[in-house]
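Coordinates in review
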Amino acid sequence: MVRMKKDQGSLLITISDLSTSDLTIGLAASLEYHFTEAKVSPYTGAVAGTRISTGTANNLALYFGGLLGVEVQLLDYLSLYGEYSLLAAMDEPILEIDLGIGNSSQIGLIIYLP
């Protein structure tokens, strides 16, 4: 089973002090391949996205990578998942490729609508 889902989207607003503020907005999409359609379904896939930061330092980052996870179906319409992704990011204006290893895991709930 191959499924596409919106993933890794985030909105983060940080205020460093009263005179400056930073805004970071990101959006990504992933493609998953599930090895089985059982109640416990391990999967692998790919993710790609972008992140824009404004404020004291304007910045545009593009990132891509692979992911590995497992989805546990609790009910017909509700699942729990755990996922790890390894991402490579290309950061502008520096144009440096950074391979991030930390903070790349997530857990969550999936609600399937009819």
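Residue indices follow the written sequence of each chain, beginning from 1 at its first position. Confidence filtering applies because this is a predicted model: local features only for residues at pLDDT of at least 70, side-chain atom pairs given and counted only at 80 or more, and all residues used for totals across whole chains, interfaces and linings. Note that water and hydrogens are dropped before the side-chain values are worked out from all heavy atoms of the structure.

1. Concerning the overall build of the protein
Defined as follows: Strands are runs of DSSP state E lasting at least two residues, helices are runs of H or I lasting at least four, and both sets are numbered from the N terminus onward. Only protein chains enter the accessibility calculation, which uses a 1.4 Å probe; a residue is then buried when its area is under 20% of its type maximum, exposed when over 50%, and partly exposed in between. Contacts are assigned to residue pairs that have any heavy atoms within 4.5 Å of one another. Note on areas: Shrake-Rupley, 1.4 Å probe, and residue coverage restricted to the protein chains presented here.
Of regular secondary structure, the protein possesses zero helices and seven strands. Written out in order from the N terminus, the α and β elements of the protein read β-β-β-β-β-β-β. When the 114 residues of the protein are sorted by exposure, 27% land in the buried category. Of the contacts formed within the protein by residues at least 6 apart in sequence, a portion of 48% connects residues at least 24 apart. Here the protein displays about 7,700 Å² of accessible surface, and carbon together with sulfur accounts for 67% of that area.

2. Digging into the packing of aromatic side chains
For any pair of aromatic rings, the description consists of the separation of the ring centres together with the inter-plane angle of the planes. Our working definition: Two rings from Phe, Tyr or Trp (for Trp, the six-membered ring) form a pair when their centres sit within 6.5 Å of each other. Planes less than 30 degrees apart are called stacked, planes more than 60 degrees apart edge-to-face, and all others tilted.
Counting across every chain of the model gives one aromatic pair. Taken together, a centroid distance of 5.4 Å and an interplanar angle of 85 degrees make the contact between tyrosine 33 and phenylalanine 35 edge-to-face.

3. Re the pairing of strand β4 (residues 59-75)
To be explicit about the condition: Pairing between strands is defined by DSSP: at least two bridges between them are needed.
The pairing of strand β3 (residues 40-54) with β4 spans 14 bridges and is classified as antiparallel. Residue pairing for β4: isoleucine 52 is matched across the bridge by leucine 60. The antiparallel hairpin formed by β3 and β4 contains four residues in its connecting segment, where glycine 55 sits at a positive phi of about 130 degrees.

4. Overview of the environment of glutamate 83
Under the convention used in this document: Polar contact is defined as a pair of N or O atoms within 3.5 Å, subject to the rule that within protein one atom must be able to donate a hydrogen and the other to accept it, and that residues adjacent in sequence are counted only when both atoms are side-chain atoms.
Turning to its location among the elements, glutamate 83 is positioned in strand β5 (residues 78-92). Here the alpha-carbon distance between glutamate 83 and leucine 67, two residues 16 residues apart in the chain, equals 6.9 Å. A polar atom in the side chain of glutamate 83 sits 2.6 Å from the side chain of tyrosine 43.

5. A look at the confidence of the model for the protein
As a reminder, the rule being used: Confidence of the predictor at the level of single residues is given by pLDDT, which spans 0 to 100.
On average, residues of the protein carry a pLDDT of 76, and 72% of them reach 70 or more. Segment residues 1-18 is flagged for pLDDT under 50; beyond a separation of four residues in sequence, or across chains, it makes 51 contacts in the model.

6. What to know about the pairing of strand β2 (residues 22-34)
Note on strand geometry: in a regular strand, side chains alternate between the two faces of the sheet. Note that β2 and β3 share 12 bridges and pair antiparallel. Looking across to β3, one finds that leucine 27 is bridged to threonine 50. In textbook terms, the turn of a hairpin is the stretch between consecutive antiparallel strands, and for β2 and β3 this stretch comprises five residues.

7. Points about a nonpolar patch on the surface
Rules: Put simply, a patch holds well-exposed residues, over 30% relative accessible area, that have no salt bridge, with like charges counted together within 9 Å and Val, Leu, Ile, Met, Phe, Trp or Tyr side chains within 5 Å. We define a salt bridge as a side-chain nitrogen of Lys or Arg found within 4 Å of a carboxyl oxygen belonging to Asp or Glu.
Together, Leu74, Leu75, Tyr77, Leu80, Leu109, Ile111, Tyr112 and Leu113 make up a nonpolar patch on the protein surface, roughly 820 Å² of accessible area in all. If you list the elements that add at least two residues to the nonpolar patch, you get β4 and β7 (105-111). Tracing the sequence through the fold places tyrosine 77 in the loop between β4 and β5. Assessed through its relative accessible area of 47%, tyrosine 77 is described here as partly exposed.

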